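# Per-entry structural report
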Amino acid sequence: MTLVIVAVTDLMFQPKIIEVAQSMNGDIILASSQEAVLSVLEQLKPTRMLIDLNEKKFDAIETIKIVKQKYKLEIVGFVSHVQRDVQARATLVGCDKVLARSAFVNELPTLLA
């Protein structure tokens, strides 16, 4: 089982992620700030991070940039399919995979496996 850090504070998506993780006995850690993300990465060494590219509580793009400079892990971001500029910026700073919100929900079981 993969340890996944979930940098998502959106109250629509966070419960859905938790529900899917619990249904498959997934091992996730929630992080609600850039500082929390970095702390979890330092302490627990997850292998994947899921991040909401429209995060309101912290700068997701800057977080990805910092994480990619310091750690080796897969980063999967999700955003509205019409936000091509956000998708491009995320990819540019090192996001390994950028998914539309609907695709993210469909792929969630695989991403948490």
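Look up a bit, the structure's there.
In what follows, the accompanying structure is described. (Residues numbered from 1 in each chain as written. Predicted model: local features only at pLDDT ≥ 70, side-chain atom pairs only at ≥ 80, totals over all residues. Heavy atoms only, no water.)

### Considerations on the side chain of Glu 55
Residue position: Glu 55 is located in the loop between β3 (48-52) and α3 (60-70). Buried and unpaired, Glu 55 has Lys 57 as its nearest opposite-charge partner, separated by 6.4 Å. There is a polar contact of 3.2 Å between the side chain of Glu 55 and the backbone nitrogen of Lys 57. Beyond its immediate stretch of four places on either side in the chain, Glu 55 contacts Ala 7, Val 8, Thr 9 and Ala 60. (Helix = DSSP H or I, 4+ residues; strand = E, 2+ residues; numbered from the N terminus. Buried < 20%, exposed > 50% of the residue type's maximum accessible area, 1.4 Å probe, protein only. Lys, Arg positive; Asp, Glu negative; His and termini not counted. Salt bridge = Lys/Arg side-chain N within 4 Å of Asp/Glu carboxyl O. Polar contact = N/O pair within 3.5 Å; in protein donor to acceptor, adjacent residues only side chain to side chain. Contact = heavy atoms within 4.5 Å.)

### Topic: the packing of aromatic side chains
Tallied over the entire structure, the rule returns three aromatic pairs. Taking the centre distance of 5.0 Å and the plane angle of 40° together, the rings of Phe 13 and Phe 78 count as tilted. Separated by 65 residues along the polypeptide, Phe 13 in the loop between β1 (3-7) and α1 (14-23) and Phe 78 in strand β4 (residues 74-79) bring together distant segments of the chain. The buried category is assigned to Phe 78, whose relative accessible area is 0%. (Phe/Tyr/Trp six-rings, centres within 6.5 Å; stacked < 30°, edge-to-face > 60°.)

### Some thoughts on the nonpolar core
The biggest cluster of nonpolar side chains holds 21 residues, and the ones touching the most others in it are Val 37, Met 49, Ile 51, Leu 53, Val 67 and Ile 75. Taken together, the elements giving at least two residues each to this core come down to β1, α2 (34-44), β3, α3, β4 and α4 (84-93). Considering each element in turn, this core owes the most residues, four residues, to α3. If we skip the residues at most four places from it in the chain, Ile 51 touches Ala 7, Val 8, Phe 58, Ala 60, Thr 63, Ile 64, Ile 75, Val 76, Gly 77 and Phe 78. One finds Val 4, Val 8, Phe 78 and Leu 111 within the second-largest nonpolar core, a separate group that totals 16 residues. (Core = buried A, V, L, I, M, F, W, Y, C linked by side-chain atoms within 4.5 Å.)

### Details of the pairing of β1
With five of five residues buried, β1 is to be regarded as a mostly interior element. What you see with β1 is no split at all: Leu 3, Ile 5 and Ala 7 on one side and Val 4 and Val 6 on the other are buried throughout. Where β1 lies against strand β2 (residues 27-30), four bridges are found, and the strand directions are parallel. Residue pairing for β2: Ile 5 is matched across the bridge by Ile 29. Once you follow β1 into α1 and on to β2, the crossover reads as right-handed. Of the strand pairs in this sheet, β1 and β3 are connected by four bridges, and their pairing is parallel. (Pairing = 2+ DSSP bridges. Right-handed = clockwise from strand over helix to strand, strands pointing away.)

None of the figures reported here should be taken as evidence of function without further support.
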